[in-house]
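# Descriptive structure summary
Here are the chains, one letter per residue:
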Amino acid sequence: MQRLLASSLVAAAPRWLPLADSFLRRRHPRRSRLPMLLFDRRSWSKPRKVARGISMVSRKSNKQGKYCDERMLLHILWWKEQMERCRKQTSMHLTQRLVYSNILGLDSTLRNGSLKDGTLNMEMLQFKSKFPREVLLCRVGDFYEAVGFDACILVEHAGLNPFGGLRSDSIPKAGCPVMNLRQTLDDLTRCGYSVCIVEEIQGPTQARARKGRFISGHAHPGSPYVFGLAEVDHDVEFPDPMPVVGISRSAKGYCVISVLETMKTYSAEEGLTEEAVVTKLRICRYHHLYLHSSLRNNASGTSRWGEFGEGGLLWGECNGKSFEWFDGSPIEELLCKVREIYGLDEKTIFRNVTVSLEGRPQPLYLGTATQIGVIPTEGIPSLLKMVLPSNCGGLPSMYIRDLLLNPPSFDVASAVQEACRLMGSITCSIPEFTCIPAAKLVKLLESKEANHIEFCRIKNVLDEIMLMSRNAELSAVLNKLLIPVSVVTGLKVEADMLVNECSIISQRISEVISLGIESDQAINSFEYIPKELFNDMESSWKGRVKRIHAEEEFRNVDIAAEALSTAVIEDFIPIISRVKSVSSNGGPKGEICYAKEHEAVWFKGKRFIPNVWANTAGEQQIKQLKPAIDSKGRKVGEEWFTTIKVENALTRYHEACDNAKNKVLELLRGLSSELQAKINILVFCSTLLIIAKALFGHVSEARRRGWMLPTISPLSKDCVVKGSSNEMDLLGLFPYWLDINQGNAILNDVHMHSLFVLTGPNGGGKSSMLRSVCAAALLGICGLMVPAVSALIPHFDSIMLHMKAYDSPADGKSSFQIEMSEMRSLVSRATARSLVLIDEICRGTETAKGTCIAGSIIERLDNVGCLGIISTHLHGIFDLPLSLNHTDFKAMGTEVIDGCIQPTWRLMDGICRESLAFQTARREGMPDLIIRRSEELYLAMGTNNKQTASMVHNEPSNASSSVNGLVEKPDSLRNRLKLPHGAFGLLQKEVESTVTMICKKKLLDLFNKGSISELVEVVCVAVGAREQPPPSTVGRSSIYVIIRSDNKLYVGQTDDLVGRLHAHRLKEGMQDATILYVVVPGKSVACQLETLLINQLPLKGFKLINKADGKHRNFGISLISGEAIATQ
């Protein structure tokens, strides 16, 4: 009823249009920011226009009714919003000349603003009405022009200047030269706009006749403009396709519908959590976003958007972004929206490629994906970069990322793993794996714009598939890859059929396309004609198709070229000869030249006047000369001449080349039409090679890093499926960001058959242990290799990692509120088949109540029976009366070295109550005065409560009689606190102890291997600020560590310790530095120890200022914090 009334108001009179706008805005509360007036008052409320009467308005409405109906009114509203977002002064000035009475925004009262029939503006209005939300670029001569709304967008986002400057009496108009079209389209699509391109029909036209125009194509974000690509000899970069995304909600949970217009496919993933939806929105670049009304209204009509969205993750993700609401059946209505957006026929069919979530793990939550670097996050080691070699980016990297974000079913994961296992044992050479985006294949073939280069690449894809099928080792890999490829493409193709189709298509391409081995398509060349002419005219179509398919056209070009050569010889050569025979310095000159701009060969004479050359040889040819003219009939210049014979020969040559080029394009487009029937096979083949390249790259990089293939087992709900398991064993696990071959990774064995409560000191490796377990489990259930010596991994139904939460001022929520929101989702989704990993639970609130909440969460997860790790510093948990049946207590170990507590980064049984908080604060530069006072206060607390101060909980509590404590006396804490009060003195002792230990182990290892003849004693000697090494060091090899005043270390080795120390102390800030040195047996040993110390000291928590040894063997090793190296 509202729409009917609004339509009546539009047709009645202009003065009622603001009222119509108010009715329409009630239907779209999202647009409440728009002003009340839809149309410009300047255009509609002036007395002189009203005086013309309603009849004139009615006639105008009838004439242009289809361009100003109610549907178009909604689009004008949309453009109104876009104009309000303009921020450049120039574009803001242009918007003041717009009116909102037509979809172009043109004010017909301004100069060049006429919308009469037969005008260019009316023609553009007709095109614009077909695609009202696309920027319209219309070809006019050598420019692409835009007017009204579109001109403002060009100025705002493409950096173009308006035509005519900022004069206020003309309509907004802007444009770009033909040569800059690609750049302009890139600028617009990068900003999220779609562009409709209108081309002129090329060819001669009658005087004063308007050229015909047609819509040649569209450019969308993720889908470039391809018109004319079949004619060129270069490729065009295809970005990742951007879908139209719709989100709805039902009893099953959230549903994300993704529609790809290019591929004519859609997927509808149901039963998702809010976190999973946000993750998908965060990683997906979409063209349009639609939110279904089910998100805010339930069956009773009451609002539940506040419950499930506002102030929450989904609303926080969508708020501030451009989206629209839609009603009805989510899938059908969204497909209708897509057809409308892209101007598709209503009968256009979209293929359903939805992969059912049944039997598949849940997609990764946003927190999990960011905390292990599947989604790039600052400060987090990127798992994606460790899985693939650095040169394996693009499409293979995208596949691995999508695989990790959406773990596959057990069958698919098993197929991927078996393919990886076969790849690791292959002894033959492997194909190059040509990767072509499926969207690019579809669009080029559908638009018939695939050029010969693209056909050669398609043939390479097909030939590589056939090569794999002919080799026994590669054929086994090929068969295994069919399963994951069918999941990605939604297509099922048998191996025999695939190979047979590849053979047929490859043969057909070979029959038509020139593969560069033919010798019958050489560019014409004649003695007296510049070769640039023939190269420019023929290189654009020769060498693309086999000559046999266009023999007549090719032969006509050769004949025309020879006739042109004959005409040049007969008409120009006598003149050239005469000029050369009589010319002298400063005299007349003449030559045959190529006019590149005009694609013509003419006679160029300098100071040459034909009418004074009478009674000389070549006189007849001179009399035939006439000034050269361009395609528009204008004289080119005073020095350019031609003859009728040459001009006619040149015209025939141009016509022959045009005919040949058109024939070649006809053949190319015909082949595109043939291959459209095989598009599914081509998409399948292309995807197969992308996955093959990704997995081959993964296997090679994983083997280099020392990773292994795990054993994955199905995990059923009751764990009674044959071969199923509810245990996870990770033997020799190490952090995925460390390279085991560098010797700086500590291996841990994780035998997990229950929930772990993990304690340990700061920098002891708790967070890294959680990340390592999470990454290994995720890689395993995806069928990939894991950073461990061996592993048994159940196929979890979900992997959830929670690390830390930040506050959200925009939503008015504290970090603890955010943490509790995530905990709610995690606890409610956890099942007996889940892996749950929580780092430092309930850290954001006061200790007592936070401890109780943490204990309750642990008790809940224990009751669920899931596997997982919960790390904490809330040691009061162990004193709570918890009912736990499937929970073990684990700790990150520590050891005491020379009175100093050091983390071992090894997983042990028991409970660790030592945090190493004082040492951590001291190493991070906390003033020593504060540290000493902290130690005093801690000792005072220990006096009152020895149990609280003890490092290890030896006696089992009421809640957990099965706790295995770390074996260490309670009084040991007080002894360890008797450390030097001076921060520098403590650091010196810690460095001395660590250097001594590392050197002893290395020298013992060298002695056992026979590398050194005797085991020497390691003596670490300190040289103070105003001290020098003893003379006994002269001529002996030594390694040294300089401790600077800022507590940073420098490691080196030398045969001249006195001279080296003197050189160091000459540098600024090094005058008072302390040095520790160890004399070692020989230069070779010193170099090895230098490398080892540079590698190991940062892992012990020390800060180094040099990141490489003298020969840069360790160049680029980062200074990783204690927590970051947990399980090394």
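Okay, the overall build of the protein next. Along its length, the protein carries 38 helices and 29 strands. The 1128 residues of the protein split such that 53% are buried. For the protein, restricting intrachain contacts to residue pairs at least 6 apart in sequence, the fraction spanning at least 24 positions comes to 71%. On the protein, roughly 51100 Å² of surface is accessible, and the fraction owed to carbon and sulfur atoms is 51%.

Bringing helix 31 (residues 847-864) into the picture now. The α-helix winds at 3.6 residues per turn, so residues separated by three or four positions along the chain end up facing the same way. The terminal C-alpha atoms of helix 31 lie 25 Å apart, and with 18 residues this matches the ideal 26 Å at 1.5 Å per residue to within 8%. For helix 31, every residue scored as buried is listed here: Gly-850, Thr-851, Ala-854, Gly-855, Ile-857, Ile-858, Leu-861, Asp-862 and Val-864. Where the residues of helix 31 are buried, they touch strand 19 (755-759), helix 30 (815-829), strand 22 (834-838), strand 23 (867-871) and strand 24 (887-897). Taken from the residues just after helix 31, Gly-865 is the one with a positive phi, measuring 90°.

Taking strand neighbours across the sheet as the criterion, the 4 strands line up as 16-20-17-18 in an open arrangement whose pairing is mixed. Each edge of the open sheet carries a strand with a single partner, namely strand 16 (711-714) and strand 18 (748-752). Across the sheet, the mean angle from the axis of one strand to that of its neighbour is 20°, orientation sign disregarded. As defined by bridge partners, strand 16 adjoins strand 20 (residues 790-795) across 4 bridges and the pair is classed as parallel. From the neighbouring strand, Pro-714 faces strand 20, where its bridge partner is His-795.

What follows concerns the state of the cysteines. Enumeration according to the criterion identifies 0 disulfides in this entry. Its sulfur unpaired, Cys-86 is 5.9 Å from the next cysteine sulfur, which belongs to Cys-152. Judged by relative accessible area, which is 3%, Cys-86 ranks as buried. Between Cys-502, a cysteine without a disulfide, and Cys-685, which holds the nearest cysteine sulfur, the sulfur-to-sulfur distance is 3.3 Å. Residue classification places Cys-502 among the buried positions, given a relative accessible area of 0%.

A few words on helix 21 (residues 472-489). Between the first and last C-alpha of helix 21 there are 26 Å, a value that for 18 residues agrees with the 26 Å anticipated at 1.5 Å per step. The sharpest bend along helix 21 reaches about 30° and sits at Leu-482, with the proline Pro-484 one to four residues further on. Listing the buried residues of helix 21 in full gives Leu-474, Ser-475, Val-477, Leu-478, Leu-481, Leu-482, Pro-484, Val-485, Ser-486 and Thr-489. Check the buried side of helix 21 and you find it contacts strand 11 (351-352), helix 17 (395-405), helix 18 (410-424), helix 20 (452-470), helix 22 (495-512) and helix 28 (679-705). Regarding helix 21, its N-cap is Asn-471, as a side-chain oxygen of that residue lies 2.9 Å from the backbone nitrogen of Glu-473 further along. Once helix 21 finishes, Gly-490 follows within two positions and takes phi at roughly 75°, a positive value.

This part is about a nonpolar patch on the surface. Residues Ile-201, Phe-214 and Phe-227 make up a contiguous nonpolar surface patch of about 250 Å² in total accessible area. By the element assignment, Ile-201 lies in the loop between strand 4 (195-200) and strand 5 (213-219). We classify Ile-201 as partly exposed; its relative accessible area is 49%.

Moving on, we come to the sheet that holds strand 9 (residues 288-292). If you trace the 6 strands from one edge of the open sheet to the other, you get 10-9-6-7-8-11, paired in mixed fashion. Every other strand in the sheet has two partners, leaving strand 10 (324-326) and strand 11 as the edge strands with one partner each. Pairing analysis gives 6 bridges linking strand 7 (residues 253-260) to strand 8 (residues 265-272), with the strands arranged antiparallel. Across the sheet, Val-259 pairs through a bridge with Tyr-266, a residue of strand 8.

This part is about unusual backbone geometry. In this structure, Asn-112 is a non-glycine residue whose phi angle is positive, near 65°. Its place among the elements puts Asn-112 in the loop between helix 7 (89-95) and helix 8 (120-130). Look at Asn-112 and you get partly exposed, because its relative accessible area is 47%. The backbone phi angle of Lys-448 is positive, close to 60°, even though this residue is not glycine. Looking at Lys-448, the relative accessible area reads 31%, which means it is partly exposed.

So, on to the packing of aromatic side chains. Enumeration over the complete set of coordinates arrives at 17 aromatic pairs. Ring geometry for Trp-78 versus Trp-79: centroids 5.0 Å apart, planes at 80°, classification edge-to-face. Here the two residues Trp-78 and Trp-79 agree in accessibility, since each one is buried. For the ring pair Phe-323 and Trp-325, a centre distance of 5.7 Å and an interplane angle of 85° mean the geometry is edge-to-face. Exposure remark for Phe-323: the relative accessible area of 5% places this residue in the buried category. Over the face of the ring belonging to Tyr-254 we find Arg-249, whose NZ or CZ atom lies 4.5 Å from the ring centre. Of note, Lys-890 hangs over the ring of Phe-756, and the distance from its end group to the ring centre comes to 5.2 Å.

Moving on: the packing of helix 20 against helix 22. Between helix 20 and helix 22, the shortest axis-to-axis distance is 9 Å and the interhelical angle comes to 145°. Considering the relative orientation of helix 20 and helix 22, their crossing is left-handed. Packed against helix 20, whose contacting residues are Phe-455, Ile-458, Lys-459, Leu-462, Asp-463, Ile-465, Met-466 and Ser-469, the element helix 22 presents Leu-498, Val-499, Cys-502, Ser-503, Ile-505, Ser-506, Ile-509 and Ser-510 at the interface. Residues of the contact of helix 20 with helix 22, tallied by class, amount to 10 nonpolar, 4 polar and 2 charged.

A word on the packing of helix 22 against helix 28. At a minimum axis separation of 11 Å, helix 22 and helix 28 run at an interaxial angle of 110°. When the axes of helix 22 and helix 28 are compared, the pair comes out roughly perpendicular. For the pair formed by helix 22 and helix 28, the contact residues are Leu-498, Glu-501, Cys-502 and Ile-505 on the first element and Ile-681, Leu-682, Phe-684, Cys-685 and Leu-688 on the second. Considering only residue class, the contact of helix 22 with helix 28 consists of 8 nonpolar, no polar and 1 charged.

Here we take up the pattern of salt bridges. Scanning the model with the defined rule gives 38 salt bridges in all. Residues Lys-173 and Glu-145 are paired through a salt bridge, measuring 4.0 Å at the closest nitrogen-oxygen approach. Here Glu-145 lies in strand 2 (residues 143-147) and Lys-173 lies in strand 3 (residues 173-177), a separation of 28 residues in the sequence. Classification of Lys-173 by relative accessible area gives partly exposed; the value is 21%. A salt bridge links Glu-446 to Lys-264, with the nearest nitrogen and oxygen atoms 3.6 Å apart. Of the two residues, Glu-446 sits in helix 19 (residues 438-446) while Lys-264 sits in the loop between strand 7 and strand 8, which places them 182 residues apart along the sequence.

The predicted model of the protein has a mean per-residue pLDDT of 80, with 81% of residues at 70 or higher. When the elements of the protein are averaged for pLDDT, helix 35 (residues 972-976) gives the smallest value, 32, and helix 22 the largest, 95. This stretch, residues 1110-1128, has a pLDDT under 50; its non-local contacts, to residues over four places away or in other chains, come to 63 contacts.

Moving on, we come to the pairing of strand 17 (residues 728-733). Relative to strand 18, strand 17 runs antiparallel, the two being bridged by 4 bridges. Pairing of Leu-733 across the sheet is with Asn-748, part of strand 18. As paired elements, strand 17 and strand 20 share 3 bridges and run antiparallel to each other. Paired with Leu-731 across the two strands is Ser-790, which belongs to strand 20.

Here strand 27 (residues 1038-1043) lies mainly inside the structure; 6 of its 6 residues are buried. Side-chain alternation along strand 27 places Ser-1038, Tyr-1040 and Ile-1042 on one buried face and Ile-1039, Val-1041 and Ile-1043 on a second face that is also buried. Pairing analysis gives 6 bridges linking strand 27 to strand 28 (residues 1049-1054), with the strands arranged antiparallel. Note on strand 28: the bridge partner recorded for Ile-1043 is Leu-1049. Here strand 27 folds back onto strand 28 in antiparallel fashion, the turn holding 5 residues, of which Asn-1047 has a positive phi close to 70°. Two elements, strand 27 and strand 29 (residues 1074-1079), share 6 bridges in a ladder whose sense is antiparallel.

If you trace the backbone, Gln-371 turns up in helix 15 (residues 366-371). Residue contacts for Gln-371: discarding those within four places in its chain leaves Ile-380, Tyr-736, Arg-771, Leu-801 and Met-803.

With respect to the element layout, Ser-871 can be found in strand 23. Setting aside residues up to four positions removed in sequence, Ser-871 forms contacts with Leu-758, Lys-766, Leu-770, Ile-838, Asp-839, Glu-840 and Ile-841.

Conventions we followed
Residues numbered from 1 in each chain as written. Predicted model: local features only at pLDDT ≥ 70, side-chain atom pairs only at ≥ 80, totals over all residues. Heavy atoms only, no water. Helix = DSSP H or I, 4+ residues; strand = E, 2+ residues; numbered from the N terminus. Buried < 20%, exposed > 50% of the residue type's maximum accessible area, 1.4 Å probe, protein only. Contact = heavy atoms within 4.5 Å. Areas by Shrake-Rupley, 256 points an atom, 1.4 Å probe, with all protein chains shown as cover. Expected span 1.5 Å × (residues − 1). Pairing = 2+ DSSP bridges. Axes fitted to C-alpha atoms, helices over the stretch in contact; angles between N-to-C directions. Disulfide = S-S within 2.5 Å. Bend = angle between axes of the 7 residues up to and from the residue. Polar contact = N/O pair within 3.5 Å; in protein donor to acceptor, adjacent residues only side chain to side chain. Patch = residues over 30% accessible without salt bridge, like charges linked within 9 Å, V, L, I, M, F, W, Y side chains within 5 Å. Salt bridge = Lys/Arg side-chain N within 4 Å of Asp/Glu carboxyl O. Phe/Tyr/Trp six-rings, centres within 6.5 Å; stacked < 30°, edge-to-face > 60°. Lys NZ or Arg CZ within 6 Å of the ring centre and 35° of its normal. Left-handed = near helix turned anticlockwise from the far one by under 90°. Nonpolar A, V, L, I, M, F, W, Y, C, P; charged D, E, K, R; others polar. Parallel < 35°, antiparallel > 145°, perpendicular 65-115°, else oblique. pLDDT = per-residue confidence, 0-100.

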